[in-house]
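# Overview (structure and organization)
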Amino acid sequence: MRSALLPALAAFASAARHQNFAHAAEELHLTASAVSHHVRKLELALGVSLFQRHARGVVLTPEGRLLADAAGSALGEIESVLDGLRQHRRDNGLRITILPSLSANWLTPRLRRFIDLHPTIRLSVDTDRSLVRFDEGGPDLGIRYGLGQWPGLTSRFLMDDTLQPLASPELAAKVAQAGDVATLPLLTDIAPEGWREWFKAAGVRYPRTGTMHTISDSADGLNAAASGLGAVLARTRLAHQHIADGRLVRLPGPELPTRYAYYVVHSAHRPPTPAALSFIAWLEREALEPRN
């Protein structure tokens, strides 16, 4: 629907609700003639009469009743969403979108520290692999893993990462050198960098035979490796707690810097709220902490 007709639709919906152009004009802070002009514009665009006009007022035609029901429902739903957004801002709410693996293994264990510093901010954390839209009803901030360029978004570098081979203590006991990693069952995810790049950096021939399991979520891959299913090439930022707890052990071979990094992103057309700016500053401080 052409955006030029939206004011006409709003005027029509008010006139239909009041069955009176003058009352609609009062509600919309317009003149009765302006409301009449909007309705006539809508009728000409649709090619139908929406009101029967008579001396004492107006009455909806069947076509007008059909449009009034649809317009009233749609505009009411929009107003409800707008009220929710206004309440979100009034409540100092902050909605964040983040990959499930980064949320579980890096962000969530730290959130208590943020809330201790900012007890009035109400967090909503959405864990989703899809690239959600940062429109008016979307999240305030996101943390993404990539090269730092996404259409319609402003991105700020947060932190880099490395890849290192890890396994359960039982599997790690079978490995004496980097070449031995090729003899283990391997776990991989859907990340753009993986075992092929690591074996090349280690100077080891990539194993074209052998067992390789694909687990799309990195957090699940870490847990599978800890259970002994195989060796995982893990992002260090995500694996920190597994290593600290002894559930996973570092295997021989290089620690490979990733080409991708983590970025904080927000809409390029909507400036961050004060709550969002506080969260960004806190994230940047957390990212500077030593990994171990």
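First things first, this report covers the structure right here in the doc. This structure is a prediction, so every number in the text was calculated from the model and none was measured. (Residues numbered from 1 in each chain as written. Predicted model: local features only at pLDDT ≥ 70, side-chain atom pairs only at ≥ 80, totals over all residues. Heavy atoms only, no water.)

## Thoughts on the sheet that holds strand 6 (residues 153-159)
In spatial order, the strands read 4-3-5-13-6; together these five strands make up an open sheet with mixed pairing. Across the chains shown, the open sheet's two edge strands, defined by having one partner strand only, are strand 4 (122-127) and strand 6. Across the sheet, the mean angle separating the axes of adjacent strands is 25° when strand polarity is ignored. When strand 6 meets strand 13 (residues 261-267), the two strands line up antiparallel, connected through six bridges. Paired with F157 across the bridge in strand 13 is Y263. Relative to strand 3 (residues 93-98), helix 5 (residues 100-107) is tilted by about 115°, and along the sheet it contacts strand 3, strand 4, strand 5 (141-146), strand 6 and strand 13. (Pairing = 2+ DSSP bridges. Helix = DSSP H or I, 4+ residues; strand = E, 2+ residues; numbered from the N terminus. Axes fitted to C-alpha atoms, helices over the stretch in contact; angles between N-to-C directions. Contact = heavy atoms within 4.5 Å.)

## A look at the packing of helix 1 (residues 6-18) against helix 2 (residues 21-28)
Relative orientation of the contacting elements helix 1 and helix 2 amounts to 125°, with a least axis distance of 8 Å. On the basis of their axis angle, the class for helix 1 and helix 2 is oblique. Regarding helix 1 and helix 2, the two cross each other, and that crossing is right-handed. Contact residues: A10, A11, S14, A15, R17 and H18 in helix 1; F21, H23, A24, E27 and L28 in helix 2. Looking at side-chain class alone, the contact of helix 1 with helix 2 contains six nonpolar, three polar and two charged residues. (Parallel < 35°, antiparallel > 145°, perpendicular 65-115°, else oblique. Left-handed = near helix turned anticlockwise from the far one by under 90°. Nonpolar A, V, L, I, M, F, W, Y, C, P; charged D, E, K, R; others polar.)

## With respect to unusual backbone geometry
With a phi close to 55°, Q19 is a non-glycine residue in the positive phi region. Secondary-structure assignment places Q19 in the loop between helix 1 and helix 2. What makes Q19 partly exposed here is its relative accessible area of 27%. Look at H29: it is not a glycine, yet its phi comes out positive at around 60°. Summarising the element assignment, H29 is placed in the loop between helix 2 and helix 3 (32-46). (Buried < 20%, exposed > 50% of the residue type's maximum accessible area, 1.4 Å probe, protein only.)

## Focus on the pattern of salt bridges
Within the structure shown, the criterion is met by 14 salt bridges. For E286, the salt bridge identified is with R113, shortest N-O distance 2.6 Å. With E286 in helix 11 (residues 274-287) and R113 in helix 6 (residues 111-117), this pair connects stretches of sequence that are 173 residues apart. The exposure class assigned to R113 is partly exposed, which follows from its relative accessible area of 37%. One connected set of salt bridges, linked through shared partners, spans R110, R113, E286 and E289. (Salt bridge = Lys/Arg side-chain N within 4 Å of Asp/Glu carboxyl O.)

## With respect to the side chain of S14
Take S14: it is sitting in helix 1. Of the residues examined, S14 reaches a relative accessible area of 1% and is grouped as buried. Apart from residues no more than four positions distant in its own chain, S14 is found in contact with A24, E27 and L28.

## Examining the pairing of strand 2 (residues 57-60)
The pairing of strand 1 (residues 51-54) with strand 2 spans four bridges and is classified as antiparallel. Note on strand 2: the bridge partner recorded for Q52 is V59. Here strand 1 folds back onto strand 2, and the loop between the two strands holds two residues.

## Focus on the packing of helix 9 (residues 218-226) against helix 10 (residues 236-244)
When two helices pack together, their arrangement is given by the angle between the helix axes and the distance between those axes. Two numbers describe how helix 9 lies on helix 10: the axes approach to 10 Å, and their chain directions differ by 30°. Taken together, the axes of helix 9 and helix 10 lie roughly parallel to each other. Seen from above, helix 9 lies across helix 10 with right-handed handedness. Contacts from S218, L222 and N223 of helix 9 reach helix 10 at L238, A239 and H242. A class-by-class count of the residues in the contact of helix 9 with helix 10 yields three nonpolar, three polar and no charged.

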